[in-house]
Amino acid sequence: MESSTFVLFGATGDLAKRKIYPALYNLFADGKLSGPLSVIGLGRRELSNETFQAQVLDSLRTFSRRKVEESAELQDFLLAFEYSVLDVGRPEDYKKLLAHVQRREELLNIPENRMFYLSVGPEFFGPIAGNINTSGLGDTKGWKRLIIEKPFGRDLKSARALNDSLNAAFTEEEIFRIDHFLGKPMVQNLEVLKYSNPVLRALWQNRYIANVQITAAETVGVEERAGYYDKAGALRDMFQNHMLQLLMMMAMQLPKGSTPEDVRSKKRHVIRSVRPLLKEDVARHVVRGQYAAGEIRGSKVDGYTSEPGIEASSQNETYIAARLWIDDPLWSEVPFYIRTGKRMKEKSTRIVIEFKEPFNDLHNKNRGKLELDPNLLVIEIGPGEGISLQLNTKNPRQHGQLEPVSIKHESGNPDLPEAYENLIYDALLGDATFFAHWEEVELSWQWVQPIIEATEEGTLPLHSYAAGSYGPDAADELLGEDHWWLDEELPAEQHEPNDVHETDPVAIRPGA
Ligand SMILES: NC(=O)C1=CN([C@@H]2O[C@H](COP(=O)(O)OP(=O)(O)OC[C@H]3O[C@@H](n4cnc5c(N)ncnc54)[C@H](OP(=O)(O)O)[C@@H]3O)[C@@H](O)[C@H]2O)C=CC1
Ligand SMILES: O=C1O[C@H](COP(=O)(O)O)[C@@H](O)[C@H](O)[C@H]1O
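Calculation rules
Residues numbered from 1 in each chain as written. Chains lettered and ligands numbered in written order. Predicted model: local features only at pLDDT ≥ 70, side-chain atom pairs only at ≥ 80, totals over all residues. Heavy atoms only, no water. UniProt positions renumbered as here; feature names shortened; annotations may be inferred. Salt bridge = Lys/Arg side-chain N within 4 Å of Asp/Glu carboxyl O. Helix = DSSP H or I, 4+ residues; strand = E, 2+ residues; numbered from the N terminus. Buried < 20%, exposed > 50% of the residue type's maximum accessible area, 1.4 Å probe, protein only. Near = heavy atom within 4 Å. Polar contact = N/O pair within 3.5 Å; in protein donor to acceptor, adjacent residues only side chain to side chain. Areas by Shrake-Rupley, 256 points an atom, 1.4 Å probe, with all protein chains shown as cover. Nonpolar A, V, L, I, M, F, W, Y, C, P; charged D, E, K, R; others polar.

The chain appears in an unreviewed UniProt entry as Glucose-6-phosphate 1-dehydrogenase from Paenibacillus borealis. In its Sequence similarities (unreviewed entry) section, the UniProt entry covering the chain states "Belongs to the glucose-6-phosphate dehydrogenase family." As stated in UniProt under Pathway (unreviewed entry), the record for the chain gives "Carbohydrate degradation; pentose phosphate pathway; D-ribulose 5-phosphate from D-glucose 6-phosphate (oxidative stage): step 1/3."

Visitor: Where do I start with the pattern of salt bridges in this structure?
Guide: Side-chain pairs of opposite charge can arise whenever the charged atoms involved come near each other. Enumeration over the complete set of coordinates arrives at 34 salt bridges. Between R275 and D327 there is a salt bridge, and its shortest N-O distance comes to 3.0 Å. With R275 in the loop between α10 (260-273) and α11 (282-285) and D327 in the loop between β11 (319-324) and β12 (336-341), this residue pair connects regions lying 52 residues apart in the sequence. D327 sits in the partly exposed class, given a relative accessible area of 42%.

Visitor: Is there a simple way to think about the site of ligand 1 in this case?
Guide: In the neighbourhood of ligand 1, 21 residues make up the surrounding shell, with T12, R18, R44, R45 and V120 lying closest. One of the backbone nitrogen or oxygen atoms of K150 is found 3.2 Å away from an oxygen atom of ligand 1. If ligand 1 stood free it would expose 890 Å²; the protein chains cover 76% of that surface. Per-element accounting of the shell around ligand 1 gives the leading share, 3 residues, to helix α1 (residues 14-29). Of the residues in the shell around ligand 1, the class split is 8 nonpolar, 6 polar and 7 charged.

Visitor: What exactly am I supposed to notice about the site of ligand 2 here?
Guide: Ligand 2 sits among K150, H180, F181, K184, E218, R225, D237, M238, H242, K342 and K347. Within the side chain of R225, an N or O atom sits 2.9 Å from an oxygen atom of ligand 2. K347 places a side-chain nitrogen or oxygen 2.8 Å from an oxygen atom of ligand 2. Look at ligand 2: alone it shows 400 Å² of surface, and the protein chains cover 79% of it. Its residues assigned to classes, the shell around ligand 2 comprises 2 nonpolar, 2 polar and 7 charged.

Right under this line is the structure:
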């Protein structure tokens, strides 16, 4: 990797402290950052370099995955951080910044490679990009890149306007749109799972798959983000970006050895093939919910509208579920069920693939009931990572009765790189595989636009669900004859070892 200058807008903010500094430190400690490092932090408040470095150290001590110990290396790392005052709207501050960047490039003999990370509100993205352009910061002999955070627009129109403003200063190849779900190790593993396992590769299609369920359930509520969340809701906060990205990653098919552009083009194909929703049909395919008071793991919690900063009359959704189809020969007639919500029973992000059971249908039709449990492939994305496959087998201790067992692999490694580490590393390398391309973002907004409009026009009801539950009952109806696989029904939730050594990374466990 060539060395570069990391210019961080929003260096005094929450995201920088919780995610960006720890990610840079972990990359440094893992020996992944080659050459001299130069980080220039920016914000409106006045800070000396020493105070800024002390703040960075504090954030590492609090949030870093790796232990932070006094050492010469740690001192070197901290000395790479310098601070400049910059107000987004003041052109003269960009001139000062350019001089600062150039001084450090010369001193440390760093080529003119510049990474601009915008960890600030989206209203600043356009003005910053414009000022990078006009100040000369963007005229480099090396590369320049832009990392931006979500939210990327509020709807299709604003996302397009935002993209136009970025394109005035950066090409699509230079823009790295962070979706931290794409940095999660298991999400990055999805494609490898498919192409390196002929069994899965063969089964990954409508001939064998009955339905796919993608869930991101959280136990937390709105926390301290009332101002942002009450305007965003689950649709903008999670669904339009993270959930649809998971759908694309799950459904695309790639041959081994594909390039980053292949990955993005296959993802575009998936999202482009998702059957469009008509506004008048939204209520048949989408369920919105809001949490009411309830109990999570034995503790009583307030309802959404009693949370600090939320209006008692708020109609914002904290849960959303949708049923959709991909109009592609590989996936035709396979329903994809997607749901995400706050204050749900368990924290879990997972994909469940339910396989077809033609044998069941045959027996049901001809001879009554056999009722085999379906084969399930469960991909746990977080908080723990794992893969399990539920199969049916005969239990010799129960008169040969058929019962499900699961073959399970848990990564079992708590020290995996975090999403931000993976993504910042890739951006520094210029590898855009796990970043959202503009067309993916635009097509995602296009798909959710009728949901936004139906919500605004009041034709999409808001259902209540008790905190600590699985979401509103209406979301069950969305599945017709299928049903959501609940935490306790899935192999990943079975903890009784029974004949199996607890520490086996790959083990067969008795099923439900
Ligand atoms: N926090 C999180 O977990 C996540 C955040 N994001 C996104 O990341 C971005 C940053 O979020 P977060 O760190 O939480 O926000 P904060 O409010 O904590 O920080 C905002 C930062 O922007 C700077 N800033 C604000 N106004 C100006 C200005 N006029 N000129 C220059 N700098 C300014 C502030 O510095 P100062 O006050 O010194 O000027 C501060 O460093 C947002 O787009 C957010 O949506 C995305 C995912 C998760
Ligand atoms: O982007 C967001 O993601 C988090 C959930 O992320 P996870 O990595 O903890 O699963 C969510 O809480 C937040 O509302 C949303 O903005």
